[in-house]
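Examining the three-dimensional arrangement
Below are the chains, spelled out letter by letter.
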Amino acid sequence: MHEQEEEYRRAAESAAGMLARRPLSAEMLERKLLEKNFGAPAAAYAVERMRLLGAIDDAAFAEQVVRACARKGYGELRIRQELRARGVAESVAAQALRGFAPEADVLYRLLDKRLRGDVSDRRACEKAMAALQRRGFTFAQIREAMREYRARAEEEQ
(Lines give C-alpha, C1' and ligand atoms only; values in the text may rest on other atoms or scores of the structure.)
Protein backbone atom coordinates (compact mmCIF):
# COMPACT_ATOMS: atom_id res chain seq x y z
CA MET A 1 0.00 0.00 0.00
CA HIS A 2 2.85 2.38 0.80
CA GLU A 3 4.25 1.90 -2.72
CA GLN A 4 0.95 2.95 -4.27
CA GLU A 5 0.80 6.10 -2.12
CA GLU A 6 4.33 6.96 -3.21
CA GLU A 7 3.37 6.63 -6.90
CA TYR A 8 0.34 8.89 -6.35
CA ARG A 9 2.56 11.49 -4.64
CA ARG A 10 5.16 11.37 -7.42
CA ALA A 11 2.43 11.65 -10.09
CA ALA A 12 0.99 14.73 -8.35
CA GLU A 13 4.47 16.30 -8.11
CA SER A 14 5.13 15.58 -11.76
CA ALA A 15 1.75 17.06 -12.72
CA ALA A 16 2.46 20.22 -10.71
CA GLY A 17 5.82 20.56 -12.45
CA MET A 18 4.26 20.20 -15.90
CA LEU A 19 1.59 22.78 -15.09
CA ALA A 20 4.22 25.18 -13.75
CA ARG A 21 5.88 25.14 -17.17
CA ARG A 22 2.73 25.65 -19.23
CA PRO A 23 -1.04 25.32 -18.99
CA LEU A 24 -2.51 21.98 -20.03
CA SER A 25 -5.99 20.54 -20.33
CA ALA A 26 -6.91 17.74 -17.95
CA GLU A 27 -6.74 15.20 -20.78
CA MET A 28 -3.33 16.41 -21.95
CA LEU A 29 -1.99 16.23 -18.40
CA GLU A 30 -3.28 12.71 -17.95
CA ARG A 31 -1.76 11.63 -21.30
CA LYS A 32 1.61 13.09 -20.32
CA LEU A 33 1.55 11.34 -16.95
CA LEU A 34 0.74 8.03 -18.64
CA GLU A 35 3.64 8.62 -21.06
CA LYS A 36 5.89 9.04 -18.01
CA ASN A 37 4.84 5.50 -17.02
CA PHE A 38 2.60 6.39 -14.11
CA GLY A 39 -0.29 3.97 -13.71
CA ALA A 40 -3.75 5.04 -14.81
CA PRO A 41 -5.06 5.36 -11.22
CA ALA A 42 -2.08 7.52 -10.20
CA ALA A 43 -2.47 9.72 -13.29
CA ALA A 44 -6.19 10.15 -12.65
CA TYR A 45 -5.50 10.98 -9.00
CA ALA A 46 -2.91 13.60 -9.97
CA VAL A 47 -5.27 15.25 -12.48
CA GLU A 48 -8.07 15.38 -9.94
CA ARG A 49 -5.69 16.75 -7.31
CA MET A 50 -4.57 19.52 -9.66
CA ARG A 51 -8.20 20.30 -10.47
CA LEU A 52 -9.06 20.57 -6.76
CA LEU A 53 -6.08 22.86 -6.20
CA GLY A 54 -7.24 25.07 -9.08
CA ALA A 55 -4.14 24.37 -11.15
CA ILE A 56 -6.25 22.95 -13.99
CA ASP A 57 -9.18 24.76 -15.57
CA ASP A 58 -10.16 23.46 -18.99
CA ALA A 59 -12.47 26.42 -19.66
CA ALA A 60 -9.71 28.98 -19.02
CA PHE A 61 -7.26 26.84 -21.00
CA ALA A 62 -9.68 26.71 -23.96
CA GLU A 63 -10.15 30.49 -23.91
CA GLN A 64 -6.37 30.94 -23.90
CA VAL A 65 -6.03 28.61 -26.92
CA VAL A 66 -8.80 30.49 -28.77
CA ARG A 67 -7.03 33.84 -28.20
CA ALA A 68 -3.65 32.46 -29.26
CA CYS A 69 -5.06 30.86 -32.41
CA ALA A 70 -7.02 34.00 -33.30
CA ARG A 71 -3.78 36.02 -33.06
CA LYS A 72 -2.21 33.56 -35.52
CA GLY A 73 -5.04 34.25 -37.96
CA TYR A 74 -6.89 30.95 -37.62
CA GLY A 75 -10.59 30.52 -38.26
CA GLU A 76 -13.12 28.79 -36.05
CA LEU A 77 -12.78 25.38 -37.71
CA ARG A 78 -9.01 25.30 -37.19
CA ILE A 79 -9.35 26.53 -33.61
CA ARG A 80 -11.93 23.83 -32.88
CA GLN A 81 -9.49 21.28 -34.30
CA GLU A 82 -6.68 22.64 -32.09
CA LEU A 83 -8.90 22.41 -29.01
CA ARG A 84 -9.86 18.83 -29.85
CA ALA A 85 -6.21 17.88 -30.31
CA ARG A 86 -5.41 19.38 -26.90
CA GLY A 87 -8.04 17.28 -25.19
CA VAL A 88 -10.67 19.94 -24.60
CA ALA A 89 -14.21 18.56 -24.41
CA GLU A 90 -16.55 19.65 -27.21
CA SER A 91 -18.91 21.42 -24.79
CA VAL A 92 -16.01 23.40 -23.28
CA ALA A 93 -14.70 24.22 -26.77
CA ALA A 94 -18.15 25.41 -27.87
CA GLN A 95 -18.35 27.69 -24.83
CA ALA A 96 -14.88 29.13 -25.49
CA LEU A 97 -15.76 29.76 -29.15
CA ARG A 98 -19.11 31.37 -28.35
CA GLY A 99 -19.03 34.85 -29.79
CA PHE A 100 -15.80 34.21 -31.72
CA ALA A 101 -15.78 35.80 -35.12
CA PRO A 102 -12.64 36.41 -37.13
CA GLU A 103 -11.99 40.03 -37.86
CA ALA A 104 -12.66 40.88 -41.49
CA ASP A 105 -9.30 42.62 -41.79
CA VAL A 106 -7.55 39.34 -40.86
CA LEU A 107 -9.03 37.65 -43.93
CA TYR A 108 -8.28 40.73 -46.04
CA ARG A 109 -4.63 40.80 -44.92
CA LEU A 110 -4.23 37.08 -45.61
CA LEU A 111 -5.70 37.51 -49.09
CA ASP A 112 -3.55 40.56 -49.77
CA LYS A 113 -0.44 38.67 -48.69
CA ARG A 114 -1.20 36.02 -51.31
CA LEU A 115 -2.64 38.13 -54.12
CA ARG A 116 -0.99 41.56 -53.68
CA GLY A 117 -3.96 43.30 -55.27
CA ASP A 118 -4.00 41.18 -58.42
CA VAL A 119 -7.35 39.40 -58.74
CA SER A 120 -7.02 38.75 -62.48
CA ASP A 121 -5.31 35.35 -62.06
CA ARG A 122 -8.10 32.87 -61.30
CA ARG A 123 -5.65 30.14 -60.25
CA ALA A 124 -3.93 32.45 -57.76
CA CYS A 125 -7.32 33.41 -56.31
CA GLU A 126 -8.26 29.74 -55.91
CA LYS A 127 -4.95 29.03 -54.18
CA ALA A 128 -5.46 31.97 -51.84
CA MET A 129 -8.95 30.76 -51.00
CA ALA A 130 -7.62 27.23 -50.37
CA ALA A 131 -5.04 28.69 -48.00
CA LEU A 132 -7.80 30.40 -46.04
CA GLN A 133 -9.73 27.15 -45.93
CA ARG A 134 -6.69 25.37 -44.46
CA ARG A 135 -6.54 28.09 -41.80
CA GLY A 136 -10.02 27.05 -40.73
CA PHE A 137 -12.29 29.68 -42.24
CA THR A 138 -15.69 28.64 -43.53
CA PHE A 139 -16.57 28.81 -47.20
CA ALA A 140 -19.08 31.59 -46.51
CA GLN A 141 -16.43 33.68 -44.72
CA ILE A 142 -13.93 33.10 -47.53
CA ARG A 143 -16.45 33.93 -50.25
CA GLU A 144 -17.43 37.18 -48.51
CA ALA A 145 -13.79 38.15 -47.90
CA MET A 146 -12.93 37.44 -51.53
CA ARG A 147 -15.88 39.52 -52.74
CA GLU A 148 -14.76 42.46 -50.58
CA TYR A 149 -11.14 42.01 -51.65
CA ARG A 150 -12.10 42.03 -55.34
CA ALA A 151 -14.23 45.18 -54.84
CA ARG A 152 -11.36 47.01 -53.11
CA ALA A 153 -8.85 45.88 -55.74
CA GLU A 154 -11.10 47.12 -58.55
CA GLU A 155 -11.58 50.48 -56.79
CA GLU A 156 -7.84 50.96 -56.52
CA GLN A 157 -7.27 50.34 -60.23
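Keep in mind that what you see is a predicted model, and the values were worked out from it rather than measured.

**Thoughts on the packing of helix α1 (residues 2-21) against helix α2 (residues 26-35)**
At a minimum axis distance of 10 Å, the contact between α1 and α2 shows a crossing angle of 125 degrees. As judged from the angle between their axes, α1 and α2 are oblique. In the packing of α1 onto α2, the handedness of the crossing is right-handed. Each of Ala11, Ser14, Ala15, Met18 and Leu19 in α1 lies in contact with α2, whose residues at this interface are Leu29, Lys32 and Leu33.

**Remarks on the pattern of salt bridges**
Inspection of the entire model under this criterion finds 11 salt bridges. For Arg51, the salt bridge goes to Glu48, with nearest N and O atoms at 3.4 Å. Of this pair, Arg51 and Glu48 both sit in helix α3 (residues 40-52), 3 residues apart, which is roughly one turn of that helix. Exposure remark for Arg51: the relative accessible area of 39% places this residue in the partly exposed category. Its salt-bridge partner being Arg80, residue Glu76 comes within 2.9 Å of it at the nearest N-O pair.

**Side note on the nonpolar core**
The biggest cluster of nonpolar side chains holds 30 residues, and the ones touching the most others in it are Leu29, Leu33, Met50, Ile56, Val66, Ile79 and Leu83. At the level of secondary structure, the elements contributing two or more residues to this core comprise α1, α2, α3, α4 (58-71), α5 (76-85) and α6 (90-97). Those residues in contact with Ile79, other than ones at most four positions away along the chain, are Val66, Cys69, Ala70, Tyr74, Leu97 and Phe100.

**Things to note about the packing of aromatic side chains**
What the rule picks out here adds up to 2 aromatic pairs. With a centroid separation of 5.0 Å and an interplanar angle of 35 degrees, the aromatic rings of Tyr8 and Tyr45 are classed as tilted. Of this pair, Tyr8 sits in helix α1 while Tyr45 is found in helix α3, placing the two residues 37 residues apart along the sequence. Lying over the aromatic face of Tyr74, Arg78 brings its terminal NZ or CZ to 4.0 Å of the ring centre. Geometry around Tyr108 places Arg152 over its ring, the cationic atom sitting 4.0 Å from the centre.

What counts, and where the lines are drawn
- Residues numbered from 1 in each chain as written.
- Predicted model: local features only at pLDDT ≥ 70, side-chain atom pairs only at ≥ 80, totals over all residues.
- Heavy atoms only, no water.
- Axes fitted to C-alpha atoms, helices over the stretch in contact; angles between N-to-C directions.
- Helix = DSSP H or I, 4+ residues; strand = E, 2+ residues; numbered from the N terminus.
- Parallel < 35°, antiparallel > 145°, perpendicular 65-115°, else oblique.
- Left-handed = near helix turned anticlockwise from the far one by under 90°.
- Contact = heavy atoms within 4.5 Å.
- Salt bridge = Lys/Arg side-chain N within 4 Å of Asp/Glu carboxyl O.
- Buried < 20%, exposed > 50% of the residue type's maximum accessible area, 1.4 Å probe, protein only.
- Core = buried A, V, L, I, M, F, W, Y, C linked by side-chain atoms within 4.5 Å.
- Phe/Tyr/Trp six-rings, centres within 6.5 Å; stacked < 30°, edge-to-face > 60°.
- Lys NZ or Arg CZ within 6 Å of the ring centre and 35° of its normal.

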